[in-house]
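Listed here are the chains, written in short residue letters.
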Amino acid sequence: MIPSSLLIFDFDGVIVDGLNEYWWSARKASIKLLGGTSNNADLPYSVPQTFRELRPWVHHGWEMVLIASEMLRPESLLRLKGAKAFACNYHTNCQEALKAWELTSTQLQTALEDVRHAAIEKDAEHWLALHQPFPGLVKRLNQLPHEGLDWAVLTTKKSDFAIELLKCFHLKPNLVLGHDSGSKPEILLQLNANQTIRGFIEDRRATLETVLETPELKSIPCYLASWGYLKPNDKKALPPGIHLLEPETLASPLANWP
Ligand SMILES: [Mg+2]
């Protein structure tokens, strides 16, 4: 049997622009979780600039709930020094903030997923409308089978939510794998054992760097999506092995990609 050729796409920041939903659900989860302990009703309805600025640093959904909560804590670094200072030592600052709230990442993640499940149950149309695919993505993804390519979605979201959105956009990937299936490098290792992976398209540079540094994954061409949630310096001095993918290149046949 000839192994199939597979292109793998990250979801948020590559296929879907969900910034409005990230804020909407993070705000709601924060309010639900903190209850009466904070002035959380004061969080604005529209996406605050601080949240927008920090989105490129976010790896897991729970961090967005934490950022919303930190916007309320009077003594938080985020309030005192702003988004740039928080981003400087992002990981450490998230851990400090968890300690200050006496919460775990699991509690925050569960609160976020509860909000999303409730939203899909009560008013799916509104929830879906908070997302949109990036321009040209739906058309391009639907062309892939005609090029003899299978494609998969690999996301740090729970797979249910990605599946709902893909259905809404009329997209039919061969596979959808969420955080419930393991970390991205773990999943890539499993997929790579049985198939030829022709490319991995991501907007988180650190994830691509991890793939590059994993000897068993060296054969996978890595692409940084130029249209995604990138940090200010992400496009600069990319290591050989990570190619910047512009929308025009994405739109062209895979044979033309770097
Ligand atoms: Mg992403």
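This one's a predicted model, so the numbers in the text were calculated from it and none came from an experiment.

### Focus on the overall build of the protein chain
Turning to step 1, where the next piece is worked out: Each helix and strand counted, the protein chain has 12 helices and eight strands in total.
Turning to step 2, where the next piece is worked out: Compactness check: the protein chain gives a C-alpha radius of gyration of 19 Å against a globular reference of 18 Å for 258 residues, within 12% of the reference.
Turning to step 3, where the next piece is worked out: Taken over the C-alpha atoms alone, the protein chain extends approximately 60 × 40 × 30 Å along its principal axes.
Turning to step 4, where the next piece is worked out: Partitioning the contacts of the protein chain with sequence separation of at least 6, the portion at a separation of at least 24 is 64%.

### Observations concerning the pairing of strand β1 (residues 5-9)
Turning to step 1, where the next piece is worked out: Burial within β1 is extensive, with four of its five residues counted as buried.
Turning to step 2, where the next piece is worked out: As paired strands, β1 and strand β6 (residues 196-202) are joined by five bridges and run parallel to one another. Residue pairing in the sheet places S5 in a bridge with T196 of β6.
Turning to step 3, where the next piece is worked out: Both β1 and strand β4 (residues 150-154) contribute to a ladder of four bridges, which runs parallel. Paired with L6 across the bridge in β4 is D150.

### As for the pairing of β4
Turning to step 1, where the next piece is worked out: As defined by bridge partners, β4 adjoins strand β5 (residues 175-177) across three bridges and the pair is classed as parallel. Bridge assignment links L154 to a residue of β5, and that residue is L177.
Turning to step 2, where the next piece is worked out: For the crossover from β4 across helix α9 (residues 159-168) to β5, the handedness is right-handed.

### Quick notes on the nonpolar core
Turning to step 1, where the next piece is worked out: With 34 residues, the main nonpolar core has F9, V153 and F200 as its most contacted residues.
Turning to step 2, where the next piece is worked out: Here F9 is in contact with V14, I15, W151, V153 and I201, once residues within four sequence places are set aside.

### Description of the sheet that holds strand β8 (residues 242-245)
Turning to step 1, where the next piece is worked out: Pairing within the open sheet is parallel, and its six strands lie in the order β5-β4-β1-β6-β7-β8. Of all strands in the sheet, those bounded by a partner on one side alone are β5 and β8. Strand-to-strand twist in this sheet, taken as the mean axis angle between neighbours without regard to direction, amounts to 25°.
Turning to step 2, where the next piece is worked out: Sitting on the sheet, helix α10 (residues 184-194) is in contact with β1, β4, β5 and β6, with an inclination near 160° to β6.

### Quick notes on helix α7 (residues 105-129)
In an α-helix, one turn spans 3.6 residues, which is why side chains three or four residues apart end up on the same side.
Turning to step 1, where the next piece is worked out: Compared with the 36 Å implied by 1.5 Å per residue over 25 residues, the 27 Å span of α7 between its first and last C-alpha is markedly short.
Turning to step 2, where the next piece is worked out: Along its length, α7 reaches its greatest deviation from straightness, about 125°, at D123.
Turning to step 3, where the next piece is worked out: Contacts made by the buried residues of α7 are with α1 (19-34), α3 (61-70) and α9.

### Re the environment of A225
Turning to step 1, where the next piece is worked out: Among the secondary structure elements, A225 is positioned in strand β7 (residues 222-225).
Turning to step 2, where the next piece is worked out: For the pair A225 and A100, spaced 125 residues apart in sequence, the C-alpha separation works out to 35 Å.
Turning to step 3, where the next piece is worked out: Filtering out sequence-adjacent residues up to four positions away, A225 remains in contact with G13, V14, I201, E202, D203 and L245.

### As for the environment of W257
Turning to step 1, where the next piece is worked out: Following the sequence through the fold, W257 ends up in the segment after α12 (247-251).
Turning to step 2, where the next piece is worked out: W257 gets classed as partly exposed once you count the C-beta atoms within 10 Å, which come to 16.
Turning to step 3, where the next piece is worked out: Distance from W257 to K235, taken between C-alpha atoms, is 17 Å for residues 22 residues apart in sequence.
Turning to step 4, where the next piece is worked out: Not counting the four nearest positions on each side in its chain, W257 is found in contact with G199 and T249.

### Concerning the packing of α3 against helix α6 (residues 90-101)
Turning to step 1, where the next piece is worked out: Interhelical geometry of α3 versus α6 gives an angle of 65° and a closest axis separation of 10 Å. Considering how the two elements wind past one another, α3 and α6 form a crossing that is left-handed. Taking contact as the criterion, the partners of E63, L66, S69 and E70 in α3 are, on α6, C94, A97, L98 and W101.

### Structural notes on the environment of E63
Turning to step 1, where the next piece is worked out: In this structure, E63 sits in helix α3.
Turning to step 2, where the next piece is worked out: E63 sits in the buried class, given 23 other C-beta atoms within 10 Å.
Turning to step 3, where the next piece is worked out: Considered as a pair, E63 and A26 are 37 residues apart in the sequence and their alpha carbons are 8.8 Å apart.
Turning to step 4, where the next piece is worked out: Ignoring any residue separated from it by four or fewer positions in sequence, one finds E63 in contact with V58 and C94.

### Examining the domain arrangement of the protein chain
Interfaces are frequently sized by the accessible area removed from exposure as the parts join.
Turning to step 1, where the next piece is worked out: Segmenting the protein chain into domains produces domain 1 (5-17 + 132-256) and domain 2 (19-129).
Turning to step 2, where the next piece is worked out: Between domain 1 and domain 2, the C-alpha centre-to-centre distance is 25 Å.
Turning to step 3, where the next piece is worked out: With 12 residues of domain 1 in contact, the opposing surface of domain 2 contributes 11 residues.
Turning to step 4, where the next piece is worked out: Counting residues per element, the side of domain 1 that touches domain 2 draws most heavily on α9, which supplies four residues.

What counts and how
- Along every chain, residues carry numbers that run from 1 in the direction the sequence is written.
- Since the coordinates come from a predicted model, pLDDT governs what is reported: local features require at least 70, and pairs of side-chain atoms require 80 or more to be given and counted, while whole-chain, interface and lining totals use all residues.
- Secondary structure elements are taken from DSSP: a helix is a run of H or I of four residues or more, a strand is a run of E of two residues or more, and numbering for both begins at the N terminus.
- Note that the radius of gyration is over C-alpha atoms, with the globule rule given as 2.2 Å times the number of residues to the power 0.38.
- Residue pairs are scored as contacts if the distance between their C-beta atoms, which are placed from the backbone, is within 7 Å.
- Here exposure depends only on C-beta density: within 10 Å of a residue's C-beta, 20 or more other C-beta atoms make it buried, 12 or fewer make it exposed, and intermediate numbers make it partly exposed, the C-beta atoms being placed from the backbone.
- Two strands are said to pair when DSSP picks up at least two bridges between them.
- Whether a crossover is right-handed comes down to one check: with the strands pointing away from the viewer, does the path from the first strand over the helix to the second run clockwise; if it does, it is right-handed.
- A set of buried Ala, Val, Leu, Ile, Met, Phe, Trp, Tyr and Cys residues, joined through C-beta atoms within 7 Å, is what we mean by a nonpolar core.
- To get an axis, a line is fitted to the C-alpha atoms, and for a helix only the part in contact is used. The angle between two axes follows their N-to-C directions and goes from 0 to 180 degrees.
- A helix is expected to span 1.5 Å multiplied by its residue count minus one.
- Two axes enter the bend calculation: one fitted to the seven residues ending at the residue in question, the other to the seven starting there, and the bend is the angle between them.
- Helix crossings are classified by the rotation of the near helix relative to the far one: an anticlockwise turn of less than a right angle makes the crossing left-handed, while a clockwise turn makes it right-handed.
- Delimitation of the domains relies on an automatic or database domain assignment.

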